[in-house]
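Structural description and commentary
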Amino acid sequence: MPNWKKQWWQQLHVITLFAIAVVSIAVLAYYRLEAGAVAGIALIVWIGLFHQSHKRNERQLHKYISTLSYRVNKAGEEAVTKLPVGIVLYNEDEVIEWVNPFVEERFGTGLIGEPITCIHEELGEYVSKDVANETFQMESSYYYMTFERDEQLIYIVDVTEKEQTQKKYQHMLPVIAHIYLDNYDEVTQSMEDQVRSRLLAKVTTALNNWASDYDIFLRRTSSDRFLAVMNHKTLLLLEENRFELLDDIRERTAREKVPITLSIGVGTEETSLKQLGALAQSSLDLALGRGGDQVAIKKKNGRVRFYGGKTNAMEKRTRVRARVISHALRDFVKESERVIVMGHQRPDMDAIGAAIGVLKIADLNDREGFIVLDVDDINPDVQRLLEETEKHDHLWSQFVSPEEALDLADKETLLVVVDTHKPSLVIEPRLLEMIDRIIVIDHHRRSEDFVEDPVLVYMEPYASSTAELVTELLEYQPMQFKMDRLEATALLAGIIVDTRSFAVRTGARTFDAASFLRANGADTALVQKLLKEDLASYVKRAKLVENAYLYREGYAIAVAPDDHVYDQLVIAQAADTLLTMSGVLASFVVCQLADGRIGISARSLGDVNVQVIMEKLGGGGHLSNAATQLPDLTLEEGKLQLEKAIDEVREGGSGA
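In this text, all values refer to a predicted model and were calculated from it rather than measured experimentally. (Residues numbered from 1 in each chain as written. Predicted model: local features only at pLDDT ≥ 70, side-chain atom pairs only at ≥ 80, totals over all residues. Heavy atoms only, no water.)

**Observations concerning a nonpolar patch on the surface**
Where nonpolar side chains cluster on the molecular surface, the patch consists of F18, V22, W46, I47 and F50 and spans about 410 Å² of accessible area. Within the residue set of the nonpolar patch, elements represented by two or more residues are α2 (12–31) and α3 (33–82). No other element matches α3, which puts 3 residues into the nonpolar patch. Turning to its location among the elements, I47 is positioned in helix α3. (Patch = residues over 30% accessible without salt bridge, like charges linked within 9 Å, V, L, I, M, F, W, Y side chains within 5 Å. Areas by Shrake-Rupley, 256 points an atom, 1.4 Å probe, with all protein chains shown as cover. Salt bridge = Lys/Arg side-chain N within 4 Å of Asp/Glu carboxyl O. Helix = DSSP H or I, 4+ residues; strand = E, 2+ residues; numbered from the N terminus.)

Quick look at the structure:
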């Protein structure tokens, strides 16, 4: 609508009144001329006054609008220049074209014409990424950035107070820790009361001093257990100092010739005190399952960090637990129709020997048992044992393939997992999903990856082998029995292989188990036959040893040639050989495996925890015997990652 028409419609009511007034005056003048003249003069005066008033209102309105426009423009300028929000305009080349005073005040003057990275070195990367916002820290301040890429505009807000409040909240979150004296009962059971009290007083004093230094609430709940409550900031300090309490207690008690070690389970990053206590207990179970003398810290999301673990697990003198587990195992076997025994992938002598031992327990309790074995995926060192087993008609008939085991599995089946506790390592993971009742028997240190909801767990990291544990379980079966020569020999071979002929990880109970097997028909000559090595393997191992070099002090590393593929057995044997060299505390052999992955086998005499080194590379094992496999890497890259892991562990801690 044209502007004049719009104005005409807006004045329609005035025009109408004017028309009515004119008509009325005309009618009045027709009948009485004098009255009409007076009314006409009054109308003219009214029109004049109305016009003046209208003009005055228009001028006031125009002035008001002009003033308001100025105020709005000035307010916009003030907002851009004085509000505590930074504004950065940049061009296609990511060069700053304009900034407001807030940016100059916080990040310096002379920014125009400079690349946006002069504000923050990662700003260019943030702009190139498809992210809407990002927070960065500069010195003691925190800034929140919002990116408007279409307008090539960045808004920057100071969020220091918010971040500091959040950090303060995080620092004040509660943390619960369970502290357990690993071997208190073992080392004090034969002590006089006076000596025991003096030893416990030393430990208690050290713990109280530690709690006082770090502002920790500590209460003793039993003779060998303590409860500690702290905040998250204190936990960070303890981690920074690598939980020196472990070494302090060990050194103090070592002066009494009875070194006591601690295990600490910590629950953190959970607001519910009930859940926090459950996390702490779960962490303690994990620390004890890994051999004790260490700290396990578990978060709400299940991630675990470890510190310590520098010593071998203390051998338990009492066999009460072995007897209890043996009787519980017997009850589970009797409640089942059949027993399926499964070890880890590429089973070694210990896994096969332990499986045969569990099979014997099933036979003693009149239940049929089967051992899961993939004949296409076995270690060469068990080939001779399997050849001997094939000659034993009854025993060989109890070996089944993974597919046959899946057909046998039902609700009445008991699954026994031996020589591993990791679902990712078992021969047939689907059996874990199909069978409800699962028993785990293992001698490795416990890791985060664990079989879900087992009905019975027998894990003793102090044991030399799983074969040793199974032998003890056999000893406590209530009925009299006689073992077959091959059954006893297989168990003994498992012990001999894992102890390197009783040279490492060998305790009094290891010899007791070997004695029991020897008395029940184990043939040492057959063991030697089963463990014989061919000349080609010996030559391969010698070439690996020839390529070894010393890294730092006491770490021997051997890297195979790029064009050679080695079997895991040869790698392990080469690591064992390196360990016999003078001045070597730990040995590592890096080789390419047949599947293209890089295999690393690690060994130590106990002074170095090779398990935590391998865990940093995604593997695991035992304190003195561990390994890992690295995909998509070259030998050189695998060697560099190994050296980095060694450096990190040497600095202290094994946080995951």
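Moving on, there is more to tell.
**Thoughts on empty space enclosed by the protein**
Summed over all chains, the structure comprises 1 cavity of 30 Å³ or more. Its volume calculated, the largest cavity comes out at about 60 Å³. Lining the largest cavity are V341, M342, G343, P347, A351, I352, A355, I371, V372, L373, V418 and I427. Of all the elements in the fold, those that place two or more residues in the lining of the largest cavity are β12 (338–342), α13 (349–364) and β13 (368–372). (1 Å grid on protein atoms, 1.4 Å probe; cavity = no way out; pocket = protein on both sides within 12 Å on 5 of 7 lines; lining within 4 Å. Points joined across faces, edges and corners; volume = space filled by probe spheres on them.)

**Examining the nonpolar core**
If you look at the biggest cluster of nonpolar residues, it comprises 57 residues, and the most contacted ones within it are V416, V418, I439, I441, Y458, M483 and L517. Per-element tally for this core: the top contributor is α13, with 10 residues. Among the nonpolar cores identified, the runner-up in size contains 34 residues, and Y214, L235, I249 and I264 belong to it. (Core = buried A, V, L, I, M, F, W, Y, C linked by side-chain atoms within 4.5 Å. Buried < 20%, exposed > 50% of the residue type's maximum accessible area, 1.4 Å probe, protein only.)

**Regarding the environment of I571**
Residue position: I571 is located in helix α23 (residues 568–579). Taking the C-alpha atoms as reference points, I571 and L43, 528 residues apart in sequence, are found 118 Å from one another.

**Side note on helix α22 (residues 535–546)**
What sets the pattern is the α-helix's 3.6 residues per turn: residues three or four places apart point alike. Under the 1.5 Å per step criterion, the end-to-end length of α22 is 17 Å for 12 residues, consistent within 8% with the ideal 16 Å. Among the residues of α22, those classed as buried are S537, R541, L544 and V545. Along α22, the residues classed as buried sweep out an arc of 100 degrees about the axis, all on the same side. In α22, those exposed residues whose orientation departs by more than 90 degrees from the buried face are L535, A536 and E546. On its buried face, α22 is in contact with β18 (548–551), β19 (555–559), α23 and β20 (586–592). (Expected span 1.5 Å × (residues − 1). Arc of directions from axis to C-beta. Contact = heavy atoms within 4.5 Å.)

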